[in-house]
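As a plain string of letters, each chain reads:
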Amino acid sequence: MQRFYEVMFIVRPDVADEDLDKLITGLEQTVTHGGGTLRSTEKLGRRKLAYLVRKFGEGNYVLLTIDANGSLIAELERRLRVSEPVIKFITVRMDEEEKRLAKVKAIRASRKKLSAIPAEAPEPAAPAAPAPASAAPESATPASA
Amino acid sequence: MADETTTSTPRSESPAGRPSGPGGRGPGGPGGPGGRKFFRRKKVCKFCTEKIDAISYRDVRLLQGFVAERGKIVPRRLTGVCTTHQRRLTKAIKQARNIALLPFAARF
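Throughout what follows, the structure given in this document is the object of discussion. (Residues numbered from 1 in each chain as written. Chains lettered and ligands numbered in written order. Predicted model: local features only at pLDDT ≥ 70, side-chain atom pairs only at ≥ 80, totals over all residues.)

Overview of helix H3 (residues 95-116) of chain A
Piece 1. Taking 1.5 Å per residue as the helical rise, H3(A) with its 22 residues ought to reach 32 Å, and the 31 Å between its terminal C-alpha atoms agrees with that figure.
Piece 2. In terms of residue burial, H3(A) counts as a barely covered element, since only zero of its 22 residues are buried. (Helix = DSSP H or I, 4+ residues; strand = E, 2+ residues; numbered from the N terminus. Expected span 1.5 Å × (residues − 1). Buried ≥ 20, exposed ≤ 12 C-beta atoms within 10 Å, placed from the backbone.)

Some remarks on the packing of helix H1 (residues 17-33) of chain A against helix H2 (residues 70-82) of chain A
Residues and elements named next belong to chain A.
Piece 1. For the pair H1 and H2, the least separation of the axes is 10 Å and the interaxial angle reads 160°. Relative to H2, H1 is oriented roughly antiparallel. The interaxial crossing formed by H1 with H2 has right-handed handedness. Counting all contacts with H1, which are made through Leu27, Thr30 and Val31, the residues of H2 involved are Leu72, Glu75, Leu76 and Arg79.
Piece 2. Residue composition of the contact of H1 with H2, grouped by class: four nonpolar, one polar and two charged. (Axes fitted to C-alpha atoms, helices over the stretch in contact; angles between N-to-C directions. Parallel < 35°, antiparallel > 145°, perpendicular 65-115°, else oblique. Left-handed = near helix turned anticlockwise from the far one by under 90°. Contact = placed C-beta atoms within 7 Å. Nonpolar A, V, L, I, M, F, W, Y, C, P; charged D, E, K, R; others polar.)

A look at the nonpolar core
Piece 1. Membership of the largest hydrophobic core comes to 34 residues, with the highest contact counts inside it found for A:Val7, A:Phe9, A:Ile10, A:Val86, B:Ala92 and B:Ala96.
Piece 2. Elements represented by at least two residues in this core include exactly strand E1 (3-11), H1, strand E3 (56-68), H2 and strand E4 (86-93) of chain A together with helix H6 (83-98) of chain B.
Piece 3. Examining the composition of this core, we find that six residues originate from one element, E1(A), more than from any other. (Core = buried A, V, L, I, M, F, W, Y, C linked by C-beta atoms within 7 Å.)

Focus on the interface of chain B and chain A
Piece 1. The interface is formed by 10 residues belonging to chain B together with 12 residues belonging to chain A.
Piece 2. In terms of residue class, the side of chain B that touches chain A is made up of seven nonpolar, two polar and one charged.

Here it is, written out as structure tokens:
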């Protein structure tokens, strides 16, 4: 079962750019060899940290979005933990959140479509799915009367 | 007997009359912030009105509006956020704190 994760990690600021790229490619290969899919890699650049981490005030933020199963994530986290340039990391599971957002968007799209139909009498967008079903006969009766 | 009836009726009227006054005004006060006598205007939840679905730990600017100067999370009675969004907001702020995007305690 592939789950959607976001892994954000901070690399210490005194590593060179090519070393950073090497590190990222190494992690990407871990993901692909372990049977996961890499959705995107984002380098958020150098940022000032909100507090001192291992005596560093700044860090290079990197964000990876991947589809993987749990064991692959454990392997990836182990690698991040032992790698010396990485000073902090966080893994957030996003598949449930994605499902919820898709559901909300689907409800909003279906509501908009119903309110866009010009056949019925102009009625404000119905708050829930049963409401349009009841609104149709309601608007039909005053039209017939 | 006649005296008993006349004295008992006014006594029954006054305890019945008094609770109706503060009983009607009572829910008006504790309905808003607790401890105020008059009505405070109902603050609306920013996420509900603007229809912001996802509160990510990554958008620091959005989260900073709900964090006090010392880094503490502002209670929802001051910001007017609804319960579901306050819980999501808290989770996002704590994630952001873990990844050093927000401080745990600021302004020493």
